[in-house]
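# Structure assessment
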Amino acid sequence: MDATIATSLQSVRSRLDAAARRASRDPSTIRLIAVSKTFSADHVRAAHAAGQADFGENKVQEGLQKIGDTADIKIRWHLIGHLQSNKARKAAGAFACIHSVDSVELLRKLDTAAADAGAAPELLVQVDLAREETKFGAAADEARRILDAGLTLRAARVTGLMLIPPWNEDQEQTRPWFVRLRDLRDSWLAEGAPPSSLAQLSMGMSHDFEAAVEEGATMIRVGTAIFGTRTYHTTA
Ligand SMILES: *Cc1c(COP(=O)(O)O)cnc(C)c1O
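This report concerns the structure included in the present document. Source: prediction; values computed, not measured. (Residues numbered from 1 in each chain as written. Predicted model: local features only at pLDDT ≥ 70, side-chain atom pairs only at ≥ 80, totals over all residues. Heavy atoms only, no water.)

## Here we look at the pairing of strand 4 (residues 97-101)
Here strand 4 lies mainly inside the structure; 5 of its 5 residues are buried. In the sheet, strand 3 (residues 76-79) pairs with strand 4 via 2 bridges, with the strands oriented parallel. Residue pairing across strands places H78 opposite C97, the latter belonging to strand 4. A crossover connection joins strand 3 to the parallel strand 4 through helix 4 (residues 88-94); in handedness this β-α-β unit is right-handed. Here strand 4 runs beside strand 5 (residues 122-127); their pairing, made up of 3 bridges, is parallel. Considered in strand 5, the bridge of I98 is made with L123. (Buried < 20%, exposed > 50% of the residue type's maximum accessible area, 1.4 Å probe, protein only. Helix = DSSP H or I, 4+ residues; strand = E, 2+ residues; numbered from the N terminus. Pairing = 2+ DSSP bridges. Right-handed = clockwise from strand over helix to strand, strands pointing away.)

The following block contains the structure:
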């Protein structure tokens, strides 16, 4: 297992580097997040031993379990899945970065919890550009309100935007969504939003991270291409 993970990681990293170079970007400015959901703490250890520092989980409970199981190694944990406000308190103290802030109320809860925990998590605003009924995330105007509210936080910091585009296995079909998120970021910057609150664009997964990198992603969230196909034992 360890050798397979190391090989897959190396392959993802070299594809990331190549995509960055195609877009005349410095690959070291793009953070690869290894999405370890449904995989064990041993999988995380194997990837960490191969040089991987950032890991992502989509559920608070499963994430906290793995954070506990790997407490002896230095990892930056990302929460990339939907966050219910009753779990904000637990998440704020445990994850270095939370990608799924989709309301001002959740933002304030996370900030209060972070202050209480003495933590300073990075927060990303999840933008729902497609307005799919089944998807989480804030519509663009609400996302802008969250960004503005983010200027008055005590402990947490809003540092950018996150996107889960409508599923399509063809990355040329998801590419226009990546462009739209980048354009939205650029228009808010032009309107005077502080650059530090829009530094990150979290977009791109196993099947489309190269297009995302070419279009400006600063964080990509890759699971399957590193750990293999997931098998789910419980329903989501
Ligand atoms: C699972 C997940 C990913 C990774 O998906 P892969 O296709 O396995 O790379 C990325 N982002 C989010 C929000 C996820 O839940």
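## Concerning the site of the ligand
Around the ligand, the neighbouring residues are V35, K37, I80, I164, M205, S206, R221, V222, G223, T224 and R230. Here K37 contributes a side-chain N or O atom positioned 2.7 Å from an oxygen atom of the ligand. A distance of 2.7 Å separates an oxygen atom of the ligand from a polar atom in the side chain of R230. Considering the ligand on its own, with 390 Å² of exposed area, one finds that the protein chains cover 91% of that surface. (Near = heavy atom within 4 Å. Polar contact = N/O pair within 3.5 Å; in protein donor to acceptor, adjacent residues only side chain to side chain. Areas by Shrake-Rupley, 256 points an atom, 1.4 Å probe, with all protein chains shown as cover.)

Any functional reading would require information that these geometric values do not contain.
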